[in-house]
Amino acid sequence: MAKRFDNIDGNTAAAYVAHATNEVIAIYPITPSSVMGEIADEKSAKGEKNIWGTVPKVVEMQSEGGAAGTVHGSLSAGALTTTFTASQGLLLMIPNMFKIAGELMPTVFHVSARAVATHALSIFGDHSDVMACRQTGWAMLCSNNPQEAMDMALIAQASTLEAKVPYLHFFDGFRTSHEIRTVEMIDFDVMKKMINDDFVAEHRRRALKPETPTIKGTAQNPDVFFQNREACNKYYEAVPAITKKYMDKFFELTGRRYDLVEYFGHPEAEKVIIIMGSGAEVAKETVEYMNSLGDKVGVVIVRLYRPFPLEAFIKALPKTALKIAVLDRTKEPGSLGEPMYLDVRTAIGEAMQKKMITYPKYPLIVGGRYGLGSKDFTPAMVKAVFDNLDASEPINGFTVGIEDDVTFKSLKYDKNWLVPQDDVFNGMFYGLGADGTVGANKNSAKIIGDLTDNKVQAYFVYDSKKSGSMTISHVRFGKKDIRSSYLIQRADFIGCHKFTFLELYDILKPLKKGGVFLLNSPFGPDEVWDKLPVEVQQEIIDKQAKFYVINADKIAEEIGLGSRTNTILQTAFFKISNIIPFEKAVEAIKTAIKKTYGRYGDKVVEMNIKAVDAGINELYEVKYPSTATSNIRMHKYITNPEAPEIVKNAISKMVAFEGDDVPVSWLPADGVFPTGTSKYEKRNIAITVPEWDPEVCIQCGICSFVCPHATIRMKIYDPEVLKNAPANFKSADARGKEFAGMKCTIQVAVEDCTGCGACVVNCPAKSKTDPSKKAINMVPQLPLRDQERTNFDFFLKIPELDYKKYDKTTLKGSQLAPHMFEFSGACAGCGETPYIKLLCQLFGDRAIIANATGCSSIYGGNLPTTP
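Criteria and cut-off values
- Residues numbered from 1 in each chain as written.
- Predicted model: local features only at pLDDT ≥ 70, side-chain atom pairs only at ≥ 80, totals over all residues.
- Heavy atoms only, no water.
- Helix = DSSP H or I, 4+ residues; strand = E, 2+ residues; numbered from the N terminus.
- Rg over C-alpha atoms; globule rule 2.2 N^0.38 Å.
- Buried < 20%, exposed > 50% of the residue type's maximum accessible area, 1.4 Å probe, protein only.
- Contact = heavy atoms within 4.5 Å.
- Areas by Shrake-Rupley, 256 points an atom, 1.4 Å probe, with all protein chains shown as cover.
- Lys, Arg positive; Asp, Glu negative; His and termini not counted.
- Charge placed at Lys NZ, Arg CZ, Asp CG, Glu CD.
- Pairing = 2+ DSSP bridges.
- Axes fitted to C-alpha atoms, helices over the stretch in contact; angles between N-to-C directions.
- Parallel < 35°, antiparallel > 145°, perpendicular 65-115°, else oblique.
- Left-handed = near helix turned anticlockwise from the far one by under 90°.
- Nonpolar A, V, L, I, M, F, W, Y, C, P; charged D, E, K, R; others polar.
- Disulfide = S-S within 2.5 Å.
- Phe/Tyr/Trp six-rings, centres within 6.5 Å; stacked < 30°, edge-to-face > 60°.
- Lys NZ or Arg CZ within 6 Å of the ring centre and 35° of its normal.
- Salt bridge = Lys/Arg side-chain N within 4 Å of Asp/Glu carboxyl O.
- Core = buried A, V, L, I, M, F, W, Y, C linked by side-chain atoms within 4.5 Å.
- Arc of directions from axis to C-beta.

Caption draft 1: Region of the structure containing the overall build of the protein. Along the protein, the regular secondary structure elements total 29 helices and 28 strands. The C-alpha atoms of the protein give 30 Å as radius of gyration, which agrees with the globular expectation for 867 residues (29 Å, within 12%). Every one of the 867 residues in the protein was classed for burial, and the buried ones make up 57%. For the protein, restricting intrachain contacts to residue pairs at least 6 apart in sequence, the fraction spanning at least 24 positions comes to 77%. Carbon and sulfur atoms make up 53% of the accessible area of the protein, which amounts to about 36,700 Å² in all. Computing the positive centroid from 101 side-chain charges and the negative centroid from 103, the protein places the two 2 Å apart.

Structure, rendered in structure tokens:
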């Protein structure tokens, strides 16, 4: 049978198998596992059948506890059942997990492992949720990449049916769940051969049914509870052999070999790292390179973590390795070490006691933590772990990837130590949330994977703020399988899809010498050079970059796509890079457009087709001088003298996307940060912003009332204030008899505005001479920025109106009250935040707000800055 490949992410890979091998799927969304439930739901909605020819029933519950209860009940009725979850969602399933394991019910939970909230919420990946389930009695099987997410999903499903022990199949949240790779698909015929229907029938026979009534879940007294708890031991003892059996069967059917514990590296390695998850991919790549330089190092990869397979582990461990580092992606405060470190120490001690292994002396074993909350784990960090083993006094309980200047547990590493990637194209694309950059790059990866013999990898870094913050797409492709489960460190191509990013972030730092830089610019090829910060100019010169510009914002606006510049810039990328014949690429992009946007109608498809043609015709190369000439400088750090120290230090670095460099001592141990710090950030993300026309305005306050980000405000004040006003500061006589003799100003914070236009849409005042004009009109931001920055600073210094002079219970009056929820990270045009803003204006001086996770926790409480 011909091999079938697709370019998919880890969630899609796991869901493909889960839907094909189950009858009931109970779901509840939680990032980053939600996609698995969505895929399963969509498959069933389309009538797609499982390997037995039936359409699985997918049911969304009201919570993760409900989903787990549904799984328990469905299994009790004899149905093959599964679910998907992560983080607190998994923890809410723990009570049911104890029951499912205790009743020996075969099932697989697919978990995109994610950090559990402690001092802060994190939507990103580590193993703290999985490790919290160690005591539940579930077998635990780990996947390291999207291919393995598919393969292990099937191996776990086959194994659980025979073992009767439930399996928790997990892989790293985001790093694996959302990473797109070239995956060899498993055909249904292979799945049918892997699943033994005799064990499915046995599961049916054990179901609760009136014809053969039984009871489970009894209450037991001290006389028999202990004995009954021990009755399951033989089932757990059998799990490793059963899992190995299905791994071997999978190899016979597909040619892909797996083992419970695997070793990769020098056959006589002196130093080894023990690890599981996507970090194993990084360790393998590093070990291969270090051994090519003459080192003797290796990596032991644990796949079956529970029950811990002692014999397989000892067999995989090189007998020459007397220096061992165990890496855990979790933290257990107060423990002698993290979970796998304790397991490894126990395993080696027990093996030596049983004479399963002989060492000339007890090996050096240290443990350490890496990658918490999806902290990037790179080859340089792997090397640092090996180097620590050679130290005269190796650090135990170390951390790597951070600077711990409080307890001094962190390993120093050389960020410039890289594993060569000569045969791999590395491209980075900086976009603005919701501008389509991520979607376009997913399509690009698929096009390259489908139309060439390249293997692809695509990974996307999101700020966990909502749309309106930076996204970074990391796209790699090459002839060999790409194992680099870490961010691109040296890029052949960089696309910057938002001009103002150049003022705030060191976009070009990863660009290789001679690399290509594509900029979405409002300025053409003849004027753009003088509009760049001097630091950017110097970097372009130093790196001898090929520099291209295209005004994608203008094109998108003219075509009718609004802020969706993705198709234009995607086309420009293919034209510059010449990865595949350009005509072929254009055809593929247009096909992808029809598939992606077809459901939105012919008009949307046609607009995107026009965008492709514009991306071809309006791309220009910039010829630049050999010296930097700009008078503009970057202002990536917060320098406001009124800002608190934590803002000028830690938060300033986070805002500049340099949070990886923040040392431990700069951060509060309890995770408590000051509020109202978003006012220091000045994101400058809007292309157009509202401009006030005092002649037309009726001073109703609606524009301020509906503004989701508190960026348009009204003040009424004494005319004396205007003596010190900037030259361009606007004002009008205040309307209303209670404000007689006073002045009014509607002021916009253009650097904080998201450009949603809600104020313009809702403004009721129209010009009598030009009905197309209102009291608020959208205009380009750049020409106004410097002037309005000065005006807004002055506006803020105008004294607030005495609250006795206005009525807070009226619409207009409420908008004269101070804004206490300003510049949130919500999506442009958010429908929720105006209400929270109003709540804070009415009661914020005496309110304590308790908030559950979701949109509100992200736009209201997500670092680096909060409203």
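Caption draft 2: Just the sheet that holds strand β25 (residues 712-717), in detail. Pairing in this open sheet of 3 strands is antiparallel, and the strands run β25-β27-β26 from one edge to the other. Taken across any chain shown, the strands that pair with only one partner, and hence form the sheet edges, are β25 and β26 (732-733). Summarising the sheet, β26 and strand β27 (residues 743-748) pair through 2 bridges and their orientation is antiparallel. Looking at the pairing, Ala 732 lines up with Cys 744 of β27. In the packing of helix α26 (residues 785-797) onto the sheet, the strands contacted are β25 and β27, and the crossing angle to β27 comes to about 130°.

Caption draft 3: Region of the structure containing the packing of helix α20 (residues 566-577) against helix α21 (residues 582-597). Orientation of α20 relative to α21, taken along the N-to-C sense of each, is 155°, at an axis distance of 10 Å. In terms of axis orientation, α20 runs roughly antiparallel to α21. In terms of crossing hand, the pair formed by α20 and α21 is right-handed. On α21, the residues that touch Asn 566, Thr 567, Gln 570, Thr 571, Phe 574 and Lys 575 of α20 are Phe 582, Ala 585, Ile 589, Ile 593 and Tyr 597. Looking at the contact of α20 with α21 residue by residue, the class counts come to 6 nonpolar, 4 polar and 1 charged.

Caption draft 4: Quick peek at the sheet that holds strand β5 (residues 108-113). Ordered in space as β3-β2-β4-β5-β7-β6-β12, the 7 strands form an open sheet in which the pairing is mixed. Every other strand in the sheet has two partners, leaving β3 (57-60) and β12 (304-306) as the edge strands with one partner each. Geometrically, the sheet is characterised by an average inter-axis angle of 20° between neighbouring strands, direction not taken into account. In this sheet, strand β4 (residues 81-85) lies alongside strand β2 (residues 24-27) in parallel orientation, the contact comprising 2 bridges. Residue pairing for β4: Val 24 is matched across the bridge by Thr 81. Seen against the sheet, helix α1 (residues 10-20) touches β2, β4, β5 and β7 (167-172) and runs at an angle of roughly 160° to β7.

Caption draft 5: Region of the structure containing the state of the cysteines. Across all of its chains, the model carries 0 disulfides by this definition. With no disulfide partner, Cys 703 has as its closest neighbouring cysteine sulfur the one in Cys 700, 6.3 Å distant. Taking the relative accessible area as the measure of exposure, Cys 703 reaches 10% and is therefore buried. Cys 707 provides the cysteine sulfur closest to Cys 756, a residue in no disulfide bond, and the two sulfurs are 6.2 Å apart. Here Cys 756 falls in the partly exposed class, since its relative accessible area comes to 34%.

Caption draft 6: Representation of the packing of aromatic side chains in the model. In this structure the tally under the stated criterion is 25 aromatic pairs. The rings of Phe 425, Phe 429, Phe 477, Phe 493, Phe 573 and Phe 574 are connected pair by pair, giving a single aromatic cluster. The ring of Tyr 459 is capped by Arg 175, whose NZ or CZ atom sits 3.7 Å from the centre of that ring. Here the basic side chain of Arg 306 rests over the ring of Tyr 305, its NZ or CZ set 4.3 Å away from the ring centre.

Caption draft 7: Local environment of the side chain of Thr 160. Tracing the chain through its elements places Thr 160 in helix α7 (residues 146-163). A relative accessible area of 0% means that Thr 160 is categorised as buried. Each residue touching Thr 160, except ones within four places of it in the same chain, is listed here: Pro 106, Thr 107, Val 108, Val 165, Pro 166 and Tyr 167.

Caption draft 8: Inspection of the pattern of salt bridges at higher detail. If you walk through the whole model with that rule in mind, you get 47 salt bridges. The partner of Glu 42 in a salt bridge is Lys 46, with the nearest N and O atoms 3.2 Å apart. The class of Glu 42 is partly exposed, set by a relative accessible area of 44%. Glu 621 is the salt-bridge partner of Lys 623, the closest N and O atoms lying 3.6 Å from each other. Taking relative accessible area as the criterion, Lys 623 reaches 69% and is therefore assigned exposed.

Caption draft 9: Quick peek at the nonpolar core. Ranked by size, the top nonpolar core spans 103 residues in total, and within it Leu 168, Ile 274 and Phe 313 carry the most contacts. When near neighbours in sequence (up to four residues on either side) are disregarded, Leu 168 contacts Leu 90, Met 97, Phe 109, Val 111, Val 130, Cys 133, Trp 138, Ala 139, Met 140 and Leu 141. By size, the runner-up hydrophobic cluster in this structure holds 44 residues, among which are Ile 447, Ile 559, Ile 580 and Val 612.

Caption draft 10: Structural detail: unusual backbone geometry. Here the amide bond leading from Thr 31 into Pro 32 is cis, since omega sits at 0°, within 30 degrees of zero. Positionally, Pro 32 belongs in the loop between β2 and α2 (34-45). The amide bond that connects Leu 863 to the next residue, Pro 864, takes the cis arrangement and shows omega of 15°. Tracing the backbone shows Pro 864 in the segment after α29 (855-861). A positive phi angle, close to 65°, is found at Ser 374, a residue other than glycine. Take Ser 374: its relative accessible area is 22%, and that puts it in the partly exposed class. Positive phi is not limited to glycine here, since Ala 434 has a value of about 80°. On the basis of relative accessibility, which here comes to 49%, the residue Ala 434 falls in the partly exposed class.

Caption draft 11: Here's a closer look at helix α5 (residues 94-102). Within the span of α5, buried status applies to Ile 94, Asn 96, Met 97, Ile 100 and Ala 101. For α5, the buried positions fall inside an angular range of 150° around the axis, keeping them on one side. Looking at the buried side of α5, the elements it contacts are α3 (64-76), α4 (87-92), β5, β7 and α11 (233-254). Trailing α5 by a residue or two, Leu 104 shows a phi angle of about 55°, which is positive.

Caption draft 12: Examining the pairing of β25 more closely. The element β25 is extensively covered by neighbouring structure, given that 6 of its 6 residues are classed as buried. Burial of the side chains of β25 extends over both faces: Ile 712, Met 714 and Ile 716 are buried on one face and Arg 713, Lys 715 and Tyr 717 on the other. Note: β25 against β27, 6 bridges, orientation antiparallel. Residue pairing across strands places Met 714 opposite Ile 746, the latter belonging to β27.

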